[in-house]
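Residues per chain, in single letters:
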Amino acid sequence: FLMPRTILYRLYISWDGTTPVAETTRLLQASGENRLTSPDAIAAGRGIVDRCTLELDNRDGRYSPLNSSGALYANIQAGGAYNRPMYLEVSIDGGSNYYRVFTGVIKIPQETTPTPSKPATVTIDCRSRDELLLGRRMSTTLADMRMMNAAGWTEAQVAEYWVQQTGGTPTVDDGVFVISWPWMDDESVLEEIWALASATGGRFYCDPDGTFRYEDMTHWLKSPHTVSQETFTRADFAELQPVYSDAELYNSVAVEASARMVGAHDLLWEPDEPVTVPPGATKTITARYRQPAYSVEAPTWKAATAGGIDITSSVTVTVTASYVQRMELSIANAHATEAAYLHPFNIGGVALTGGPTQEETRTSAANGSNSAWWTSRGTTRSKALRGNAYIQTRAQAGTLAHFLLRRSEAPRLTYRLKGCPGKSSRRCGDLVTINDTAIMSSSRTAFITGISWRLTVNGFTQDIEAMDAANYAPYQSEGYFIIGTNKLGASGSLTARIWY
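Residues numbered from 1 in each chain as written. Predicted model: local features only at pLDDT ≥ 70, side-chain atom pairs only at ≥ 80, totals over all residues. Heavy atoms only, no water.

### Some words on the packing of helix 4 (residues 155-165) against helix 5 (residues 189-198)
- Interhelical geometry of helix 4 versus helix 5 gives an angle of 175° and a closest axis separation of 10 Å. Regarding the angle of helix 4 to helix 5, the classification is roughly antiparallel. Counted together, E155, V158, A159, W162 and V163 of helix 4 and V189, E192, I193 and L196 of helix 5 form the full contact between these two elements. (Axes fitted to C-alpha atoms, helices over the stretch in contact; angles between N-to-C directions. Helix = DSSP H or I, 4+ residues; strand = E, 2+ residues; numbered from the N terminus. Parallel < 35°, antiparallel > 145°, perpendicular 65-115°, else oblique. Contact = heavy atoms within 4.5 Å.)

What follows is the structure in structure tokens.
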């Protein structure tokens, strides 16, 4: 006999962008999902923006953007609710501890007019705070790239710096690989960090508490992921589905590395046709380099009239911004009557040139542990990861290929647990134990990779997706080599295996 649970919840939305307003009493139901990019899927090059849907009572027109007498009209009229902060938290059994199940920003609310059978409601689609970085575009200055290169920053430090430039404060691991040449060129911050994480076996996401996190490829080897956080038995779910998948099944993985090197002095840019500036006018142009730059000189130019008279002294060229792949210029022509034709007009400097691509391949026969399985089936399946600019060394490519191979050379085992009593402190990445005596002879451990949840006045439930932990780190029980703790050698009490 199971005692009924007491579920308390609190919903806050900052309609003015600053002050959280309690909307708890109007919440009819909520649902959402929190999901990680699995270590098995890093080659996809993309992450996941979590979602949440709220349904609220709108009988008094509080959430109606066309109702000028509505309580929130000043804030939500003309789409004013877009990207406003929100969070939802839940407490179980009347405890004093509330845990957030979602933190993010709202999209524009969708209103439903009342009918004889249904009261007025409003549905609000929400996204996790990753959404704020998805549309934020940035470019890397030459000074920043050279600073990161000189300091030998890891991928974690690069990701942290990029988020900090948007005003965020992320939590990051130490990182595994030095990224010699990181830069953005008017690109989405989130998509670029996803690409960076994909190149290094890590993941970047925003958790239910609203914290941006970068976890490197060794993250699950460390506490608290080494200890099971809870055990699921037949009493803890309505349905359990163990699933073996061949969607990402390969016995050969190739990863391409694209090196960069500092080249010789060269011409980085010149216009396709002469730049013309009318008399007394100012023109802005973008000088996009043929290759990313390591260093750039000031522009050189001459200006003349249409008849060839030199008016260079009347023209001023100002550099308004200098980035790795382009320079923004403002050109002012002070001449009162003559247009200025700039020729020659060019920018010199030192480019970052692309070295020959290198490819590292790892196979089950030479590097894996499932070679006999493949031999008995007489087949081969290959996977190639190419075109990621942040895979910059052979060592990095080889590590990533081996990492992917060990997770792809056998069918992957995952679990779907449906109808679990909701636990607001449960998080993706938790190591859990699953023990269903009806279908398994012994318990298994798994990492939670996805949580779908539903909250109503009648209860709080979750569906859980988890990845079997046995093949993630086959020597985790023995422990991997830790600098300053373990010793080199083939045997001995302090020896340990190197992580790829």
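### Points about the side chain of R127
- Residue position: R127 is located in strand 8 (residues 121-128).
- Classification of R127 as buried rests on a relative accessible area of 11%.
- For R127, the side chain forms a polar contact with the side chain of D125, separated by 2.7 Å.
- Excluding anything up to four places from it in sequence, R127 contacts V49, D50, R51, F102, T103, G104, V105 and K107. (Buried < 20%, exposed > 50% of the residue type's maximum accessible area, 1.4 Å probe, protein only. Polar contact = N/O pair within 3.5 Å; in protein donor to acceptor, adjacent residues only side chain to side chain.)

### Comments concerning helix 3 (residues 142-151)
- Taken as a whole, helix 3 has its buried residues at L142, D144, M145 and M148. For helix 3, the buried positions fall inside an angular range of 170° around the axis, keeping them on one side. Exposed side chains of helix 3 directed beyond 90 degrees from the buried face belong to A143 and A150.
- Buried residues belonging to helix 3 abut helix 4, strand 20 (293-296), strand 22 (315-322) and strand 24 (340-354).
- Of the residues flanking the end of helix 3, it is G152, one or two places downstream, whose phi is positive at about 65°. (Arc of directions from axis to C-beta.)

### A few points about the packing of aromatic side chains
- Summed over all chains, the structure comprises 17 aromatic pairs.
- When the ring of W15 is compared with that of Y63, the centres are 5.9 Å apart and the planes differ by 40°; the resulting orientation is tilted. With W15 in the loop between strand 1 (7-13) and strand 2 (21-22) and Y63 in the loop between strand 4 (51-57) and helix 1 (73-76), this pair connects stretches of sequence that are 48 residues apart.
- With a centroid separation of 5.1 Å and an interplanar angle of 85°, the aromatic rings of Y480 and W499 are classed as edge-to-face. Of this pair, Y480 sits in the segment after strand 30 (459-468) while W499 sits in the segment after strand 30; the two residues are 19 residues apart in sequence, bridging distant segments of the chain. Side by side, Y480 and W499 carry an identical accessibility label, which is buried.
- Taking the ring centre of Y250 as reference, the NZ or CZ of R381 above it sits at 5.5 Å.
- Its end group placed over the ring of F403, R407 keeps NZ or CZ at 4.0 Å from the ring centre. (Phe/Tyr/Trp six-rings, centres within 6.5 Å; stacked < 30°, edge-to-face > 60°. Lys NZ or Arg CZ within 6 Å of the ring centre and 35° of its normal.)

### A look at the environment of G79
- Mapped onto the elements of the fold, G79 is located in the loop between helix 1 and strand 5 (85-92).
- For G79, a relative accessible area of 29% gives the class partly exposed.

### Some details on the sheet that holds strand 26 (residues 382-385)
- Spatial ordering of the open sheet is given by 25-16-26, a layout of three strands whose pairing is mixed. Lying at the two open borders of the sheet, with one neighbouring strand each, are strand 25 (358-363) and strand 26. Strand after strand, the sheet turns through a mean of 15° between neighbouring axes, direction not considered.
- The sheet contact formed by strand 16 (residues 252-257) and strand 25 spans six bridges and is antiparallel. Residue A254 lies in a different strand from strand 25, and its bridge partner there is T361. (Pairing = 2+ DSSP bridges.)

### Some details on the nonpolar core
- Counting residues in each nonpolar core, the largest one holds 67 residues, and the members touching the most others are W162, F204, L417 and Y472.
- Considering every element that reaches this core, the biggest residue donor is helix 5, with seven residues.
- By size, the runner-up hydrophobic cluster in this structure holds 26 residues, among which are I7, V90, I124 and C126. (Core = buried A, V, L, I, M, F, W, Y, C linked by side-chain atoms within 4.5 Å.)

### A word on the sheet that holds strand 12 (residues 203-206)
- Spatially, 10-13-12 is the arrangement adopted by the three strands of the open sheet, whose pairing is mixed. Each edge of the open sheet carries a strand with a single partner, namely strand 10 (171-172) and strand 12.
- Looking at chain direction, strand 12 and strand 13 (residues 212-215) are connected through four bridges and run antiparallel. Counted as the bridge partner of R203 is E215 from strand 13.
- The sheet contacts of helix 4 involve strand 10, strand 12 and strand 13, and relative to strand 13 the element is tilted by about 165°.
- The strands touched by helix 5 are strand 12 and strand 13; relative to strand 12, the strand with the most contacts, the crossing angle is about 145°.

### Some thoughts on the packing of helix 3 against helix 4
- At a minimum axis separation of 12 Å, helix 3 and helix 4 run at an interaxial angle of 150°. The orientation of helix 3 relative to helix 4 falls into the category roughly antiparallel. Crossing geometry of helix 3 relative to helix 4 is assigned as right-handed. In this structure, helix 3 contributes D144, M147 and M148 to the contact, and helix 4 contributes V158, Y161, W162 and Q165.
- Considered class by class, the residues forming the contact of helix 3 with helix 4 number five nonpolar, one polar and one charged. (Left-handed = near helix turned anticlockwise from the far one by under 90°. Nonpolar A, V, L, I, M, F, W, Y, C, P; charged D, E, K, R; others polar.)

### Considerations on the pattern of salt bridges
- Summed over all chains, the structure comprises 27 salt bridges.
- Among the ionic pairs, R127 bridges to D125, the shortest N-O distance being 2.7 Å.
- A cluster of three or more residues bridged by salt bridges with shared partners is formed by D185, R288, R326 and E328. (Salt bridge = Lys/Arg side-chain N within 4 Å of Asp/Glu carboxyl O.)

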